[in-house]
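An overview of the molecular structure
Single-letter residue listing:
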Amino acid sequence: MVRVRFAPSPTGQLHVGALRTALFNWLFARHNRGSLVLRIEDTDVSRSSEEMTESILEALQWVGLNWDEGPIYQSQRFDIYRQAARQLVSLGQAYYCFCTPEEIEKRRLETISSGQHWKYDRHCLHLSDQEKNERLEKGLPAAIRFLMPEGVTEFDDLIHGHIAVENKNLEDFVLLRSDGFPTYHLSVVVDDIDAGITHVIRGDDHISNTPKQILLYRAFQKEIPQFAHLPLILGPDRKKLSKRHGHTAVLSFRDQGYLPLVFFNFVAQLSWSPGKEERIYRREEMIEAFSLEHISKGSPIFDLNKLQWLNSRLINEMPVPELIRELRPWLEKKGLWSETFLAEKKDWLERVVVLVRPRSRTLVELADMLAPFISDQVDYDPEAVRKHLLDSCLEELLAKLKEDFKQLETFAAPGLEQVLRARAEKEGIKAAVFIHALRVLLLGRAVGPGIFEVLEMMGKEKTLARLSNLAEARKMIKRTGEVRNG
Ligand code: GLU
């Protein structure tokens, strides 16, 4: 039975790299009908916070990742780690170390200055039992160090292949610090043993930790899990993905209006591809297709354009009622949502969404495009006003067009187009003058869907009201005296 774990440290937001680790563990567990254990690695009490834990859980849930066991909090297991370290001492696999940081630093500098490589010099391994017991009885601060055996430690990484490290290059690393806190190696191995983890899937920044952890499994006489280390994610400049490349926190992508399924696809497709087509795969399809063997060794590049492309693709492909459900929080935020509104105008809203979604890359953009249809207010973009609404003839022209529109009994795109073109011809102007002006007056912006569909969806009442908005829109222009004489 496959048992995997995701073990974030709550010292910061969940970022893209950690999410990919979580995602591959989840896919692997689901594919194999195994279990995913969630463990919060909060042993660094000063840097960990509950708030961060909450936000990590929120991010996992947003993407649609669930877990079968946990969260297990390492901070609630300190006694278990202490006991495990003492167990290794009694097994002769570890020993007490009384060296202070100052003493170690002094010896380290001496070693380095004589041109040698430093690793812990086993000073305390050579203490007699009597010396050791006296110090313990006196209550001197004591760390516990692992006794590094001789030989070579090897493993077959499921992604990187065979890896071998000579133990002489490793030192007697600390398991339990003198303040009683466990180090990462000890807590991670003790917990993975307790949870019966069969596969450790994590970022390849942990490759160098793996030999030490394998040696710990051996020291505890426990079965060693299989390891799969995921390649580092790079930014477009081929440097390690970081804040320098913009947002990397998972929740910030939610806040920018990306769809959870898109983000799931995008992150899963960093290092793996569920099929030959470039498209959005359903979660079930990915579970079905997933295998660790198909994860590529090379570093994937985080490409924001691809994310945007996938997002607009799903926005345009998904069933409209579902898209409206995703949009709801965004409309709520703008004060544009109410149950009664939806109950009364469901069909209309669906049609407006279909009209505006081809131009939306994110839910934020989509909500912005919808706002002027739903709201009585329009936010005028000063640039658009400057470009299309400053001609001094417009007042008169729009008043005439308004009269024409008033006469219409059915307010539908073909009739509206006819009337508008006829009016333009009569006035000796290009239809585009009306079209551009209307788009800005109705939507607040210079770009948008075909104007006649916009007018139809906006409806007669709102259209007529907005045709009288010229003065209000022009207020957006701070400088006065800009109205041109046409
Ligand atoms: N807490 C570690 C991290 O966030 C993960 C440790 C592990 O997966 O072994 O990098």
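Below is a short write-up of the structure. (Residues numbered from 1 in each chain as written. Predicted model: local features only at pLDDT ≥ 70, side-chain atom pairs only at ≥ 80, totals over all residues. Heavy atoms only, no water.)

Concerning the sheet that holds strand β4 (residues 94-97)
For sheets, the rule is that strands pair by backbone hydrogen bonds, running either parallel or antiparallel. The condition that has to hold: Strands pair, by our definition, only if DSSP identifies at least two bridges between them. The helix and strand labels rest on DSSP assignments: H or I over at least four residues marks a helix, E over at least two residues marks a strand, and numbering proceeds from the N terminus. Angular values range over 0 to 180 degrees, each being the angle between N-to-C directions of two axes fitted as lines to C-alpha atoms, with helices fitted over their stretch in contact. Contact criterion: two residues are considered in contact whenever any of their non-hydrogen atoms come within 4.5 Å of each other.
Taken together, three strands build an open sheet; the order of strands is β4-β5-β8 and the sheet is antiparallel. Among the strands making up the open sheet, the edge pair consists of β4 and β8 (174-176). In this sheet, neighbouring strand axes are inclined to one another by 40° on average, regardless of whether the strands run parallel or antiparallel. Of the strand pairs in this sheet, β4 and strand β5 (residues 143-146) are connected by four bridges, and their pairing is antiparallel. Opposite Y95, over in β5, you have R145 as the bridge partner. Where helix α3 (residues 78-90) meets the sheet, its contacts fall on β4, β5 and β8, and the angle it forms with β4 comes to roughly 110°.

Structural notes on the packing of helix α12 (residues 320-333) against helix α14 (residues 363-374)
Selection rule: Any angle from 65 to 115 degrees is called roughly perpendicular, while one under 35 is roughly parallel, one over 145 is roughly antiparallel, and all others are oblique. The residue classification treats Ala, Val, Leu, Ile, Met, Phe, Trp, Tyr, Cys and Pro as nonpolar and Asp, Glu, Lys and Arg as charged. All others, Gly included, are polar.
Relative to each other, α12 and α14 sit at 75°, their axes nearing to 10 Å. One finds that α12 runs roughly perpendicular with respect to α14. Judged by residue contacts, L323, E326, L327, W330 and L331 of α12 engage L363, V364, L366, A367, L370 and I374 from α14. Here the residues of the contact of α12 with α14 sort into 10 nonpolar, no polar and one charged.

Remarks on the side chain of T53
For T53, the position within the fold is in helix α2 (residues 50-63). Residues in contact with T53, not counting those within four places in the same chain, are P10, I40 and Y73.

Notes on α3
How we decide: In a helix, the anticipated span is given by 1.5 Å times the number of residues less one.
With 13 residues, α3 extends 19 Å between its outermost C-alpha atoms, agreeing within 8% with the 18 Å of an ideal straight helix rising 1.5 Å per residue. Against the buried residues of α3 lie β4, β5, β8, α6 (184-194) and α7 (210-219). Following α3 by one or two positions, G92 adopts a phi angle in the positive range, close to 75°.

Quick notes on the state of the cysteines
The line we're drawing: Any two cysteine sulfur atoms within 2.5 Å of one another count as a disulfide. Exposure categories follow from relative accessible area, calculated using a 1.4 Å probe and restricted to protein chains: below 20% of the type maximum is buried, above 50% is exposed, and the middle band is partly exposed.
Tallied over the full model, the rule gives zero disulfides. Cysteine C99 shares no disulfide, and the gap to the nearest cysteine sulfur, in C124, comes to 3.6 Å. Accessibility expressed as a relative area gives 13% for C99, which makes it buried. C124 sits in the buried class, given a relative accessible area of 4%.

Quick notes on the nonpolar core
Keep this limit in mind: To qualify as a nonpolar core, a set must consist of buried Ala, Val, Leu, Ile, Met, Phe, Trp, Tyr and Cys residues joined through side-chain atoms within 4.5 Å.
Membership of the largest hydrophobic core comes to 119 residues, with the highest contact counts inside it found for L19, L27, L60, F263, F373, F405 and L438. If you tally residues by element for this core, the top one is helix α1 (residues 16-31), at 10 residues. Residues C97, L175, V189 and L216 belong to the second largest nonpolar core, which totals 43 residues.

Observations concerning the environment of E395
Here E395 shows up in helix α16 (residues 394-407). Using a relative accessible area of 47% as the deciding quantity, one classes E395 as partly exposed. Residues E395 and F181, spaced 214 residues apart in sequence, show a C-alpha to C-alpha distance of 76 Å. Those residues in contact with E395 that lie beyond four places of it in its chain are L470 and R474.

With respect to the packing of helix α13 (residues 339-356) against helix α19 (residues 451-458)
A pair of packed helices is captured by two measures, namely the crossing angle of their axes and the spacing between those axes. Defined as follows: Throughout, a crossing is termed right-handed when the near helix is turned clockwise from the far one, and left-handed when it is turned anticlockwise from it by less than a right angle.
In contact at an axis separation of 11 Å, α13 and α19 are set at 160° when each is read in the N-to-C sense. With respect to their mutual orientation, α13 and α19 come out roughly antiparallel. At the point where α13 passes α19, the crossing takes the left-handed sense. Packed against α13, whose contacting residues are W348, R351, V352 and L355, the element α19 presents E453, V454, E456 and M457 at the interface. Here the residues of the contact of α13 with α19 are counted per class, giving five nonpolar, no polar and three charged.

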